[in-house]
Each structure stands twice: as C-alpha cells, then as structure tokens.
Amino acid sequence: MFPEQLTQARIPHAVMTVLGRLQERKYAAFLVGGCVRDLARGVEPKDFDVATSAKPEEVQRSFSKVIPTGVEHGTVTVVIDGMHVEVTTFRAEAGYEDGRRPTQVEFHSDIEADLSRRDFTMNAMAFDPTPGGRFVDPFNGMADLHARLIRCVREPLERFGEDGLRALRAVRFAAVLDFNIEPDTEAAIAPTLPIFKRVAMERVREEFTKLLTAKEAVKGVSLLEKNGLLQAFMPEAVPAPLDALKRSAAQLELRLGLMLAKCANPYDVLMRLRYPIAVAKTVAHWVQHQRLPGLHSTDTDVRRWLSKVGAEHGPAILSLAAALGVDTGALVPQVEAVLASRPPLKTADLALDGKAIMQILSIPPGRRVGELTRALLEHVLELPLENTPEKLTQWLTRAKV
Ligand code: ATP
Ligand code: MG
C-alpha cells in the first residue's frame, strides 16, 4: 500500500544507488525520518536518511567513498556524485538515565524496532522506493500527517521522560510545519519539564533556532510559554513578545533581539544557550542601542546616531524598534538615504589619519592626537563634504581646537 505522493516522489540517483547497493548485498534498506515525511507532504526533502540492517563496517565496505560520521551510533555518510547520504544501522536505544542522550545503542535487524524509537508518528515511517519496495508505517504516521498532528510514537510521558528534548521538538515541528500537537502529547510536556531542564543546551539551541526562524514562530513561542518550556530555558523572555514576533521578518538575530528586548544582559543569556559569540554580540548590541534618533531628526542627527551604533547595525536596530511597535516615522527612508550617500561615520573614514594630523600640526604622539581625530569626525558628521585632506588640513590649522 503506497500513498500516492510517495509513488510519484523523485528520489535522487545517488540515494537510489545507496539503497540498491545495500539491497543487492541482502541487507534491508529504507528511507526514514524527515525525508519520508517531506516526500509524503509533497515537499522536497533537505536531505535523505537511509536506515539499514547492515552494520556500519558493512556499509563502509559497500561504498568507495564513506565518511565515518558517527560509527559508534551506527551512522556513516556515503558520498556519491558529491551527494552526502547518511546511512544509519537499525537501532534501538536504551538507558536514558540523565534525560540527555541515550547511553547505549543496540543494533537491530528489523525496521520496526528502529521506527519505534523515533519521536513522532510522522517521523517514524519508512519507505523503500526500489521496485517491489515497501512503505512501513506502524504508528499511522500518514494519517497524522494528513490530520496535521504531531503525536508521540507510543506513550508521550515515557518518551519525553527518556529524552527531554522531544518536548521542544514537538513544538518546533508545530511551528515549522504549522501543525497542531495532539492533546495527550502536549499534556506530557509540563510533567516532564524536569527532564527537559537536563538536556544539553546545544541541542536546545538547535531546535529553538529552527522554531524561532519558522514561518509560524508566533505559534511556536506561544506553545513554549503555555507549556512552561520557555520559562525553563529562557525565563528572560517571559512574557513572550508575540505581537513583536508577528511583525518581524524571520531572521534569527532579529527575533532573538525581540525575545530579549527587555533583558539587561542578552549577551549572557545567549552564551548560556551556546549561541556563537558573534550572534550574542550582535543581538546584545542591538538590544542595548534601542534608542532611536528623534522623529524629526536632521541628517546630521542621523549620521551621529549611525556613527554611535555602527552603520551596519542601523537598519537592523530600526527593524527591531518597528517590530516592538515604536513609531519610526520617516526614519527608515531617511537612514537609507543617508547610508546611500556613504558619509564618513567613523575615524577610519577620515581623509586624515593620526599620522597626518601630527605632521600637519608638528605635534608628537599622545592624547592630543586622539582628541583632534574625534573633533575632525564630529566636524565631518556635520559636514560630510568637508572630508577631504585639503579641507580638513585647513580646518585643523584654522580652528582653535
Ligand atoms: P528536519 O527536516 O527539520 O531535519 P527531521 O525529521 O529530519 O527534520 P532530524 O532532527 O534531522 O529531524 O532527525 C531525523 C530523524 O531522527 C527524525 O525524523 C526522527 O525520526 C529521528 N529523531 C531525531 N531526534 C530524535 C529524538 N530526540 N528522539 C527520537 N527520534 C529522533
Ligand atoms: Mg533532518
């Protein structure tokens, strides 16, 4: 029994080669997980994951180019025609004592055992697209997919108790796919929060990033808050700024900025969540420079502001403010126009550097040079056309600065 979308699916040649080669060698091999879900939805999968009865060493022996991605967990990456296909040995996991990651991996010979350890019914389907192949759906994932429902494989309390990340994944999928969480599955989130709190931050961050940049991020964040997940990993963002998220573009730093707009130390929060330093710095910079120039600012005011916050950050800070509901009046086009004229905004943009200043005025290195550089910048922020060596030299020699 094949759902129509699956029979019509176009599978890359490299993937068919991987399946065919393993099956020639008498191993079972199926497409599994996200790619089957996406094919069934008529969406092109981002990547194709294969599950097989072959042990990792046997997979490695079957192909000429193989990367041992995670042999101890049963995963190797097969490279064919430049395409990467992850091939994982059927497995079941045991021993989740710390609610973080399985402590043991058991390899299995049947696909059903492998599917039963997966998180949601829509992610627990297997499909063999080779001639005579099967579609395996022991938990009725296809029906849930059609009903747009996220439902745990087996008992939700037990599954969230094994791996606390699954609760967050349920909400992430709701946001990314615009699905609903089946009531028993959703009801298991709150009672298993103590398990969720022990999950490694890197894993939380990865799911949260997908959720926050999803089209239905508002739905995701409100589900996080409603079920206590947001309070557990980002209490600084409670109450969640849902209206602001609704008004914002799906860009990570911008949405993190909205979540932490009222937080005194967004940098620390994002470092705790293991975001890259560059992300934490950018978001903290935007949040800490939320004050905009006044609504009837002159171009000089706008240049002074851009000089303070950094030209590259100006438009993003305006987007942040606009999403937060601040009236930005005509500032957006004004800032765009000012930036388009490429005015000097920082000391490195000055037509004279410190060395030139010292020569022109015959002064030694020291604090005075710094003061003069700042005075020159202040001068060109007011009059950008003065930023030529001649004009600045004139100004330096005439002005009693
Ligand atoms: P995406 O398209 O966003 O990558 P995905 O379904 O492929 O979605 P992955 O995180 O790449 O999600 O995981 C691949 C598959 O592995 C899932 O479809 C699911 O079957 C299984 N899986 C992933 N994480 C878990 C988990 N924490 N518990 C149980 N099964 C999981
Ligand atoms: Mg995936």
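Residues numbered from 1 in each chain as written. Chains lettered and ligands numbered in written order. Predicted model: local features only at pLDDT ≥ 70, side-chain atom pairs only at ≥ 80, totals over all residues. Heavy atoms only, no water.

Right, let's talk about the sheet that holds strand β5 (residues 83–89) for a bit. If you trace the seven strands from one edge of the open sheet to the other, you get β3-β4-β5-β2-β1-β8-β9, paired in mixed fashion. Edge positions in the sheet fall to β3 (66–70) and β9 (135–136), since each has one partner strand and no second. By the bridge criterion, two bridges tie strand β8 (residues 126–127) to β9 in an arrangement that is antiparallel. When the sheet's bridge partners are listed, Phe 127 is paired in β9 with Phe 135. Across the sheet, helix α3 (residues 34–41) lies against β1 (29–32), β2 (49–52), β8 and β9, angled at about 65° from β1, the strand it touches most. (Pairing = 2+ DSSP bridges. Helix = DSSP H or I, 4+ residues; strand = E, 2+ residues; numbered from the N terminus. Contact = heavy atoms within 4.5 Å. Axes fitted to C-alpha atoms, helices over the stretch in contact; angles between N-to-C directions.)

A complete count under the given rule lists three aromatic pairs for this structure. Here the aromatic rings of Phe 120 and Phe 173 are separated by 6.0 Å at their centres, their planes lie at 80°, and the arrangement is edge-to-face. Taken as a pair, Phe 120 in the loop between α5 (111–116) and β8 and Phe 173 in helix α8 (residues 165–177) lie far apart in primary sequence, 53 residues in all. With respect to class, Phe 120 is no different from Phe 173; both count as buried. Residues Phe 196 and Phe 233 carry aromatic rings whose centres are separated by 6.0 Å and whose planes lie at 70° to one another, so their mutual orientation is edge-to-face. In this pair, Phe 196 sits in helix α10 (residues 193–196) while Phe 233 sits in helix α13 (residues 229–233), placing the two residues 37 residues apart along the sequence. Per residue, the accessibility class of Phe 196 equals that of Phe 233, and both read buried. Chaining the aromatic ring pairs together yields one cluster made of Phe 196, Phe 208 and Phe 233. For Arg 172, the ring lying beneath its charged end belongs to Phe 173, and the centroid distance is 4.1 Å. (Phe/Tyr/Trp six-rings, centres within 6.5 Å; stacked < 30°, edge-to-face > 60°. Buried < 20%, exposed > 50% of the residue type's maximum accessible area, 1.4 Å probe, protein only. Lys NZ or Arg CZ within 6 Å of the ring centre and 35° of its normal.)

Our focus in this paragraph is the nonpolar core. Across soluble globular proteins, you tend to see nonpolar side chains buried next to one another. In terms of nonpolar packing, the biggest core is built from 109 residues, with Leu 31, Met 234, Leu 256 and Met 259 touching the most fellow members. Take this core: its biggest share by element is nine residues, from α8. Ignoring anything within four residues of it in the chain, the contact list for Met 259 reads Phe 208, Leu 212, Val 221, Leu 230, Met 234, Glu 236, Ala 237, Pro 241 and Leu 245. Counting residues in hydrophobic clusters, the runner-up holds ten residues, among them Ile 111, Leu 115, Ala 126 and Val 136. (Core = buried A, V, L, I, M, F, W, Y, C linked by side-chain atoms within 4.5 Å.)

Turning next to the packing of helix α18 (residues 299–309) against helix α22 (residues 367–382). At a minimum axis distance of 8 Å, the contact between α18 and α22 shows a crossing angle of 135°. By the angle between their axes, α18 is oblique relative to α22. Facing α18, whose interface residues are Thr 300, Arg 303, Arg 304 and Ser 307, α22 presents Leu 377, Glu 378, Leu 381 and Glu 382. A breakdown of the residues in the contact of α18 with α22 according to their chemical character gives two nonpolar, two polar and four charged. (Parallel < 35°, antiparallel > 145°, perpendicular 65-115°, else oblique. Nonpolar A, V, L, I, M, F, W, Y, C, P; charged D, E, K, R; others polar.)

Any two packed helices are characterised by how steeply their axes cross, that is the angle between the axes, and by the distance between the axes. It is the contact of helix α21 (residues 354–361) with α22, at a shortest axis distance of 10 Å, that shows an interaxial angle of 105°. Accordingly, the angle class assigned to the pair α21 and α22 is roughly perpendicular. Residues Gly 354, Ile 357, Met 358 and Leu 361 of α21 form the contact with α22, whose own contacting residues are Val 369, Leu 372, Thr 373 and Leu 376. Looking at side-chain class alone, the contact of α21 with α22 contains six nonpolar, two polar and no charged residues.

In the region of ligand 1, 15 residues are neighbours, and Arg 37, Lys 46, Arg 166, Arg 169 and Arg 172 sit closest. Contact between ligand 1 and Lys 46: an oxygen atom at 2.8 Å from a side-chain N or O atom of the residue. Here Asp 163 contributes a side-chain N or O atom positioned 2.9 Å from a nitrogen atom of ligand 1. Within the complex, the protein chains bury 80% of what would otherwise be the 590 Å² of accessible surface of ligand 1. Counting only elements with at least two residues in the shell around ligand 1, the list comes to α3, α8 and α11 (201–212). When residues of the shell around ligand 1 are assigned to their parent elements, the largest contribution, four residues, is made by α8. Residues of the shell around ligand 1, tallied by class, amount to one nonpolar, three polar and eleven charged. Here the shell around ligand 1 spans two domains, since at least three of its residues come from each of domain 1 (1–138) and domain 2 (148–265). (Near = heavy atom within 4 Å. Polar contact = N/O pair within 3.5 Å; in protein donor to acceptor, adjacent residues only side chain to side chain. Areas by Shrake-Rupley, 256 points an atom, 1.4 Å probe, with all protein chains shown as cover. Domains from an automatic or database assignment.)

Sizing a probe to match a water molecule and rolling it over the atoms shows the empty space that remains. Each pocket or cavity is described by its volume, and for the largest pocket that value is around 1,500 Å³. Forming the walls of the largest pocket are 40 residues, and the residues nearest its centre are Asp 49, Glu 86, Arg 91, Arg 117 and Arg 169. Its residues assigned to classes, the lining of the largest pocket comprises ten nonpolar, nine polar and 21 charged. In this structure, the lining of the largest pocket is formed jointly by two domains, domain 1 (1–138) and domain 2 (148–265), each of which donates at least three residues. (1 Å grid on protein atoms, 1.4 Å probe; cavity = no way out; pocket = protein on both sides within 12 Å on 5 of 7 lines; lining within 4 Å. Points joined across faces, edges and corners; volume = space filled by probe spheres on them.)

Before going further, it helps to examine the domain arrangement of the protein chain. Segmentation of the protein chain into domains returns domain 1 (1–138), domain 2 (148–265), domain 3 (289–340) and domain 4 (347–399). For domain 1 versus domain 2, the separation of C-alpha centres amounts to 27 Å. Counting from both sides, the interface comprises 19 residues of domain 1 and, opposite them, 21 residues of domain 2. Across the pair Asp 119 and Arg 169 runs a salt bridge whose closest N-O atoms are separated by 2.7 Å. Where domain 1 touches domain 2, the interface holds seven residue pairs in polar contact (both at pLDDT 80 or more). Looking at the side of domain 1 that touches domain 2, the elements that each hand over two or more residues are α3 and α5. A per-class count over the side of domain 1 that touches domain 2 returns five nonpolar, four polar and ten charged. (Salt bridge = Lys/Arg side-chain N within 4 Å of Asp/Glu carboxyl O.)

Right, let's get into helix α23 (residues 389–398). Within α23, burial applies to Leu 392, Trp 395 and Leu 396. Summarising the axial view, the buried residues of α23 lie within an arc of 100°, below the 170-degree limit, and thus occupy one face. Residues Glu 390 and Arg 398 are exposed on α23 and point more than 90 degrees away from its buried face. On its buried face, α23 is in contact with α21 and α22. (Arc of directions from axis to C-beta.)

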